[in-house]
Amino acid sequence: KIIVGSEEIDIENGETIEMGGGTVTYDPSSNTLILNDATIVNTTGTINDAAVSFDNDLKIHLEGSNTINSVCSGIRSDDGGTLIIDGGENSTLTIDSVCYGIRMGGFSSTGVADMTINGASIDITTVGKDNRTGVGIQAEGNLKVIGSEITVDAQHEGLIGNAGVSISTSSV
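Every value quoted in this text rests on a predicted model; they were computed, and no experiment measured them.

Procedures and definitions
- Residues numbered from 1 in each chain as written.
- Predicted model: local features only at pLDDT ≥ 70, side-chain atom pairs only at ≥ 80, totals over all residues.
- Heavy atoms only, no water.
- Helix = DSSP H or I, 4+ residues; strand = E, 2+ residues; numbered from the N terminus.
- Rg over C-alpha atoms; globule rule 2.2 N^0.38 Å.
- Areas by Shrake-Rupley, 256 points an atom, 1.4 Å probe, with all protein chains shown as cover.
- Buried < 20%, exposed > 50% of the residue type's maximum accessible area, 1.4 Å probe, protein only.
- Pairing = 2+ DSSP bridges.
- Core = buried A, V, L, I, M, F, W, Y, C linked by side-chain atoms within 4.5 Å.
- Contact = heavy atoms within 4.5 Å.
- Axes fitted to C-alpha atoms, helices over the stretch in contact; angles between N-to-C directions.

### Considering the overall build of the chain
So, step 1. A tally of regular secondary structure across the chain gives zero helices and 20 strands.
So, step 2. Relative to the 2.2 N^0.38 estimate, which gives 16 Å for 172 residues, the radius of gyration of the chain is 14 Å and therefore close to what a compact globule would have.
So, step 3. Dimensions of the chain along its principal axes, counting C-alpha atoms only, are 35 × 35 × 30 Å.
So, step 4. Accessible surface, the chain as shown: approximately 7,500 Å² in total, 43% of it carbon and sulfur.

Okay, structure coming up:
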């Protein structure tokens, strides 16, 4: 299951939905969610909710200038799996959230929860709630940042890889 904003994506057939003047497209053949100049907003929920939520593995590809605003988390999966975020030429992702900017794995994680950010430009601001969240990027497994530009302004930790963090040819 993939939910973007308040819209559940058709993961069997794929689809394109308009979001804030841009588009979000899901390609089931490559299990890729493509954000193209999209603005995604989440205004309700609890600590476990997100503007983009999914189960298991997912690749997110960035095109153009993308924004996520959330009263909870920006991008989140509580299940095990792998998240890959990559960027097209001159693409960006700006996340303003309360709890987590990007979180892979969590309280109900059932397996490895790795994250790779490759060739992406990401700017995250997360303010925290009740002095217990406010984390920029967290992977319950390994976090790898390759050829990317990452900026995080977080109440607590900026980057967490519970099983390790690897950063190469990147600005963090």
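### Some details on the pairing of strand E4 (residues 22-27)
Strand residues, when the strand is regular, have side chains that alternate between the two faces of the sheet.
So, step 1. Judged by which residues are buried, E4 turns out to be one-sided: Gly22, Val24 and Tyr26 face inward and are buried, whereas Thr23, Thr25 and Asp27, on the alternate face, are not.
So, step 2. Examined bridge by bridge, strand E3 (residues 15-19) and E4 share five bridges and lie antiparallel to one another. The residue bridging Ile17 from the neighbouring strand is Val24, located in E4.
So, step 3. If you look at the hairpin formed by E3 and E4, you'll find two residues sitting between the two strands, and Gly20 has a positive phi there, around 55°.
So, step 4. Taken together, E4 and the strand that follows it, strand E5 (residues 32-36), pair antiparallel across an intervening segment of four residues, in which Asn31 is found at a positive phi of about 55°.

### Some remarks on the nonpolar core
So, step 1. In terms of nonpolar packing, the biggest core is built from 36 residues, with Leu33, Ile40, Ile75, Leu83, Ile85 and Ile102 touching the most fellow members.
So, step 2. Leaving out residues up to four positions away in the same chain, Ile40 has contacts with Val4, Gly5, Met19, Val24, Leu35, Ala51, Val52, Thr67, Ile68 and Asn69.

### Some thoughts on the sheet that holds strand E11 (residues 81-87)
So, step 1. Strand order across the open sheet formed by eight strands is E3-E4-E5-E8-E11-E14-E17-E20, with mixed pairing between neighbours. Taken across any chain shown, the strands that pair with only one partner, and hence form the sheet edges, are E3 and strand E20 (164-168). Taking the axes of each pair of neighbouring strands and ignoring which way they run, one obtains an average angle of 10° across the sheet.
So, step 2. Where E5 and strand E8 (residues 58-63) come together, five bridges link them in parallel fashion.

### Thoughts on unusual backbone geometry
So, step 1. At Asn56, a residue that is not glycine, the phi angle is positive and equals roughly 65°.
So, step 2. Tracing the backbone through its elements, the reader meets Asn56 in the loop between strand E7 (50-54) and E8.
So, step 3. Unlike most non-glycine residues, Asn90 shows phi in positive territory, near 60°.
So, step 4. Positionally, Asn90 belongs in the loop between E11 and strand E12 (92-97).

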